[in-house]
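# Structural characterization, general
Take a look at the letters that make up each chain.
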Amino acid sequence: MPRSLSSLLLAALVPLAVLLQPACLEAQTARSAKADARGPLPQEREKDRMNAWTVGLAGGLLEGAPIRLAAEMARVVDDGAELHLLPIVTRGATDNLNALLYLRGVDTAIINSDALDEYKLQVPQIQSRITYLLNLFPSELHIFVRPEITSLQDLAGKKVNFNTQGTAAAYSGPLIFSRLGIDVDKTFIPHQLALEQMRKGEMSAVVFITSKPVDAFVRGRWETGFKFLPVHYDKRFEDYYLPATLDAIEYPNLIKQGDRVSTIAVPTALVAFNWRPGSNRYQRVARLVDYLFSRIDRLQAPGFDPKWRSINLAATIPGLTRFQAAQQWLDRQARSAQAKP
């Protein structure tokens, strides 16, 4: 087609396009208004329904106890569209506080109570921003040493293993030793390797922070002199820790019958952000409290982690206040118990 003719056609079509544009826009607006009148599309309604009562729970490492407890909670409280607890695999319970503070979609988390210590400087009001729902279980401190080590002071400058990064021992262990004023040569390798190095004399101690009994000490065979060192509970530990003991019943191969080894425990807690009462996020967590507390007996039945059987709903957490809806639930139960003849 000659260039001059093309130019003439283009010049004629441009005004026509300009005239048609408002008509197209009016048609689109009319279609949108009609769709709005009908309400959201089915997929949009389903999206809203699924998100309305979903609660994100930062659990921990895939191989750890916290994520297992999170998964079991999700099984018990699940109620279709009425409540959906979503466990999240994270870098570990010691990092879950960070997820709760800053990660979108995380409403609750399982943390070690002394994780708060790390946030004192960067978040000065941390203890007013975090509340607890439940004291899940204590993780006892186990300081296991070779025969030539007879006291905590003997470990100064010696190789001590605190398990791999992301575990409770890797975070809480060095913090506890700092409070004890003992400077050790810290390593962070899997405990299985460290225990073998202990047998060879290449490692002086390993530090476990987990709920007792620890399988490695129950089933392991150790030469005479391998033992747990006592750690006495005092004012240095009152902010986050609880007194505890290791007994002969739990470790018959390492503790004499009738003896006990004093130690401390790190509470592992289910916590929530201190949402404003009445807000959507607060209501979600409040519903989780109601479902979880009302169905705790299901978690204490066979088929679930034995830790659930020792859980006391009323147990407190040093340094934290309880989530308001959780405290109200406990208060209602107390009043109901008192009202019974």
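Now for a look at the structure at hand. None of the values given here were measured: they were computed from a predicted structure.

So, on to helix H6 (residues 168-180). For H6, which comprises 13 residues, the first-to-last C-alpha distance of 18 Å matches the rise-based estimate of 18 Å (1.5 Å per residue) to within 8%. In terms of residue burial, H6 counts as a mostly covered element, since 12 of its 13 residues are buried. The set of residues buried in H6 consists of Ala-168, Ala-169, Ala-170, Tyr-171, Ser-172, Gly-173, Pro-174, Leu-175, Ile-176, Phe-177, Arg-179 and Leu-180. Buried residues along H6 sit in contact with strand E3 (108-112), strand E4 (130-145), strand E6 (185-187), helix H7 (191-199), strand E7 (205-210) and strand E10 (260-273). One or two positions beyond H6, positive phi appears at Gly-181, with a value near 75 degrees.

Here we come to the pairing of E3. Two faces, one strand: in a regular strand the side chains alternate between the faces of the sheet. Judged by how many residues are buried, E3 sits mostly within the fold: 5 of 5 residues are covered. Burial along E3 is two-sided: the face carrying Thr-108, Ile-110 and Asn-112 and the face carrying Ala-109 and Ile-111 are both buried. Across 2 bridges, the pairing between strand E1 (residues 54-60) and E3 is parallel. Its bridge partner lying in E3, Ala-58 is registered against Ala-109. Inspection of the sheet shows E3 paired to E10 by 5 bridges, in the antiparallel sense. Within the sheet, the bridge partner assigned to Ile-111 lies in E10 and is Ala-269.

Here Lys-212 and Pro-213 are connected by a cis peptide whose omega angle stands at -5 degrees. Even without glycine at this site, Asn-163 takes up a positive phi of about 65 degrees. Within the secondary structure, Asn-163 sits in the loop between strand E5 (159-161) and H6. The exposure class of Asn-163 is buried, given its relative accessible area of 17%.

Here the focus is the nonpolar core. Counting residues in hydrophobic clusters, the biggest one holds 85 residues, and the most contacted among them are Leu-134, Ile-143, Leu-155 and Trp-308. Take this core: its biggest share by element is 9 residues, from E4. Apart from the residues within four sequence positions on either side, Leu-155 is in contact with Ile-143, Val-145, Ile-149, Val-160, Phe-177, Ile-182, Asp-183, Val-184, Ser-204, Ala-205 and Leu-229. The next biggest cluster of nonpolar side chains, apart from the first, holds 18 residues, and it includes Phe-144, Val-206, Phe-228 and Leu-246.

Under the definition given, this model contains 16 aromatic pairs. For the ring pair Phe-293 and Trp-329, a centre distance of 5.2 Å and an interplane angle of 90 degrees mean the geometry is edge-to-face. Highlighted residues: Phe-293 in helix H9 (residues 280-294) and Trp-329 in helix H11 (residues 324-339), separated in sequence by 36 residues. In this structure, Arg-287 is placed above the aromatic ring of Trp-53, and the distance from its NZ or CZ to the ring centre is 3.4 Å. For Lys-307, the ring lying beneath its charged end belongs to Phe-137, and the centroid distance is 5.4 Å.

Rules used throughout
- Residues numbered from 1 in each chain as written.
- Predicted model: local features only at pLDDT ≥ 70, side-chain atom pairs only at ≥ 80, totals over all residues.
- Heavy atoms only, no water.
- Helix = DSSP H or I, 4+ residues; strand = E, 2+ residues; numbered from the N terminus.
- Expected span 1.5 Å × (residues − 1).
- Buried < 20%, exposed > 50% of the residue type's maximum accessible area, 1.4 Å probe, protein only.
- Contact = heavy atoms within 4.5 Å.
- Pairing = 2+ DSSP bridges.
- Core = buried A, V, L, I, M, F, W, Y, C linked by side-chain atoms within 4.5 Å.
- Phe/Tyr/Trp six-rings, centres within 6.5 Å; stacked < 30°, edge-to-face > 60°.
- Lys NZ or Arg CZ within 6 Å of the ring centre and 35° of its normal.

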